[in-house]
Amino acid sequence: MIPVVVILAYLALIAFIGSVAFKKNREDTEDFFLASRSVGSLVFFLSLFATNMTAFAILGSSGQAYRQGIGIYGLMASSSCLVIPLTIFFIGTRLWALGKKFGYQTQVAFFRERWECNHIGTVIFALSAAMLVPYMIISIMGGGTVLANLSTSSATHQPLIPYAWGCAVVAVVVTLNVFLGGMRGTVWVNVLQTTLFLCFGAVAVAVISSQLPFGFSHYMHDLAANEKTRFLVTRERMPPQAFWSYTLIPLSSIMFPHMAIMCFSARRVSAFKQTVVAYPIAILAIWLPCVFLGVLGLAALGKIPDPDGVLLLMLQKYAPAWLAGVLGAGIISAVMGSDAHQVLALSTMFTKDVFAHYGGHEKFGERRSVHFARGFIVVVTVIAYLVALSLREKQGIFEIAVRYAFSGFAAMAPVMVAALFWRRSTKWGALAATLFVAAFLVWTALMQTSHKPGDVLWQLGQGQEAIRVFFLNPRGDVAFWNGFMTVAPMVAGSALCLIIFSLLTKPPSKTTIDKYFSVSSESPSQYVH
Amino acid sequence: MTKKLLLVLLILALYAAHQDFWNWRQAEPMIFGFLPVGLAYHAAYSIAAAALMAVLVKTAWPQELEERDKSSK
């Protein structure tokens, strides 16, 4: 009961912050979507981080560590420590400058002007939106699951907040926050949320270590000494090819619309300086304790039916009830921080890239555009909530969709790099890369549903010397060549399509190229050649 | 030019260091008595990534973006 009260108080506080932000809002889209590009350095860092980190960073990481061991940290976290800050440094700062100079609020608005295209921008919008929607749905599902798990009574084994109510609470609080406060409300809340979940790991480790019957060292040496569990403290069951492939996944980060849109909101470019340096440390602060506790969970708790709940179980067993509530609020923070940005990003994209672009803005003006955006937020959250309820048992499908969305966004990174740094790139190159990514995703989904693990999809040669180009790995995912993940051929294929079709087609006009690359016009891309 | 090349090499070196094949099958030594070496290595890698970003901010920051930002005030 106590954890539930703490969490509900926290959710009420978030809704309140949204209502305060509402009073500060002006009724124009730049203010609603980007807080008038006025986000200061510390808030910018905390918000960008909250945007990027989902509940997976806490629950999924510990669950995966419980199943696969310490390698999960290198696989998912340490590669992000390098690649995400690099993309923010090289791409985020340039996006910010373009937004400031030309008033862009979305990536697609930039692509449309950069490549003098109209409908091709809409194709990029459609693919981005399609890849973002499952992510948003799974955030609500995650929120419902977490609230149900945290509120489950150990006596009755029944949740005080059932899954459907948990989803509803998360959806309503996120909607209120975004609907009322827009970007301003969202980033204010992020300050609280990120602070909470940054503290989560250290506090959880400290509390659990003080309650365990033996020290950490005892459990870790036990795991290492046992042949059956040794793989958890090494990477002996982790294919090096998959480990390397994962280093490409963080390229997706800057291509996620909610991350790119956040980059437009900074007041000064100097906000990026502290962000890129602090980012790896923040990832370390969250992921290291979660991965460690996930591995420790097997030694301390033994076999459990739902590995993703390992951290919650450890908290329930080893932390006092009020602290479990605060830490639970930390987990909910991670869920809602990113969910709010996803909802806001979808609304921004739909309002600016579709509604305004196809005449809505001219016809209805700024004020009505904000009303449209708010209406869109309500509609999209209600739909996501209904989907989360009706397809709960199909959560696995959404999880797969999200996994492929990461590969899809990573494969769209060459499009952004070309737009910023390659003057010869063309709209046809961008279209070819986008269609390649979309086709590859559809093909992968089809193959995965129509084949079973171990099936070869395409091979070169026959017999023992045959090379498996595409096949389904034991987990049932499509794999490439020697066990590389599909993100590798997707990034390479997308870049290749972009280069070939750009070279084969007419470049944008000189006026446009000068607009973005001329030294005299102080283009944001002039510093990298 | 040399500075740029050195920075590129530094980034590539850190990227390559992510694939620490020498720790693949080892749990020992346990750092601080409880952190398997593979996990401790990647924790240190995260700190190295932060250090690299600090170097990039110090030596390769797109100063012109900042100056243009100031002049537009």
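What counts and how
Residues numbered from 1 in each chain as written. Chains lettered and ligands numbered in written order. Predicted model: local features only at pLDDT ≥ 70, side-chain atom pairs only at ≥ 80, totals over all residues. Helix = DSSP H or I, 4+ residues; strand = E, 2+ residues; numbered from the N terminus. Rg over C-alpha atoms; globule rule 2.2 N^0.38 Å. Buried ≥ 20, exposed ≤ 12 C-beta atoms within 10 Å, placed from the backbone. Contact = placed C-beta atoms within 7 Å. Expected span 1.5 Å × (residues − 1). Bend = angle between axes of the 7 residues up to and from the residue. Pairing = 2+ DSSP bridges. Nonpolar A, V, L, I, M, F, W, Y, C, P; charged D, E, K, R; others polar. pLDDT = per-residue confidence, 0-100.

## A closer look at the overall build of chain A
Then, in step 1: The helix and strand tally for chain A stands at 20 helices and 4 strands.
Then, in step 2: Against the 2.2 N^0.38 benchmark of 24 Å for 529 residues, chain A shows a C-alpha radius of gyration of 23 Å, consistent with a compact globule.
Then, in step 3: Its C-alpha atoms put chain A at 70 × 70 × 40 Å along the principal axes.
Then, in step 4: Across the 529 residues of chain A, 56% fall into the buried class.
Then, in step 5: Summarising the internal contacts of chain A: among those between residues at least 6 apart in sequence, 80% fall at separations of at least 24.

## Let's talk about helix α8 (residues 163-211) of chain A
Then, in step 1: Taking 1.5 Å of rise per residue, 49 residues should cover 72 Å, yet α8 of chain A covers just 30 Å from first to last C-alpha, more than 12% shy of that figure.
Then, in step 2: The largest bend in α8 of chain A amounts to roughly 125 degrees and is located at Gly181 of chain A.

## Considerations on the pairing of strand β1 (residues 456-460) of chain A
Residues and elements named next belong to chain A.
Then, in step 1: A small share of β1 lies buried, amounting to 0 of its 5 residues.
Then, in step 2: By the bridge criterion, 4 bridges tie β1 to strand β2 (residues 467-472) in an arrangement that is antiparallel. Bridging across to β2, Val456 finds its partner in Phe471.
Then, in step 3: Here β1 folds back onto β2, and the loop between the two strands holds 6 residues, one of which, Gly461, carries a positive phi near 85 degrees.

## Some remarks on the interface of chain B and chain A
Then, in step 1: Facing 33 residues of chain B, the contacting portion of chain A comprises 41 residues.
Then, in step 2: Sorting the residues of the side of chain B that touches chain A by element identifies α1 (2-17), α2 (37-60) and α3 (63-71) of chain B as the ones contributing at least two each.
Then, in step 3: Examining the composition of the side of chain B that touches chain A, we find that 12 residues originate from one element, α2 of chain B, more than from any other.
Then, in step 4: For the side of chain B that touches chain A, the residue count by class is 20 nonpolar, 7 polar and 6 charged.

## A word on the confidence of the model for chain A
Detail in the predicted coordinates should be disregarded across regions flagged by low pLDDT.
Then, in step 1: Confidence in the prediction of chain A, expressed as mean pLDDT, is 89, and 97% of residues score 70 or more.
Then, in step 2: A low-confidence stretch, residues 520-529 of chain A (pLDDT under 50), is modelled with 21 contacts involving residues beyond four sequence positions or located in other chains.

## As for the sheet that holds β2 of chain A
Then, in step 1: The antiparallel open sheet is built from 4 strands, whose spatial order is β1-β2-β3-β4 (chain A). Each of the sheet's edge strands pairs with one partner strand only, and the pair in question is β1 and β4 (484-485) of chain A.

## Observations concerning unusual backbone geometry
Then, in step 1: Cis rather than trans, the peptide bond between Glu28 of chain B and Pro29 of chain B has omega equal to 0 degrees.
Then, in step 2: Relative to the helices and strands, Pro29 of chain B resides in the loop between α1 and α2.
Then, in step 3: One non-glycine residue, Ala35 of chain A, lies in the positive phi region at around 50 degrees.
Then, in step 4: Position of Ala35 of chain A relative to the elements: it lies in the loop between α2 (29-34) and α3 (41-52).
Then, in step 5: With 26 C-beta atoms packed within 10 Å, Ala35 of chain A lands in the buried category.
Then, in step 6: Of note in the backbone geometry, Arg37 of chain A takes a positive phi value of approximately 50 degrees without being a glycine.
Then, in step 7: Relative to the elements of secondary structure, Arg37 of chain A occurs in the loop between α2 and α3.

## Thoughts on the pairing of β2 of chain A
Residues and elements named next belong to chain A.
Then, in step 1: Two elements, β2 and strand β3 (residues 478-480), share 3 bridges in a ladder whose sense is antiparallel. Bridge assignment links Phe470 to a residue of β3, and that residue is Phe480.
Then, in step 2: Connecting β2 to the antiparallel partner β3 that follows it, the hairpin turn spans 5 residues, and Gly476 within it adopts a positive phi of roughly 95 degrees.

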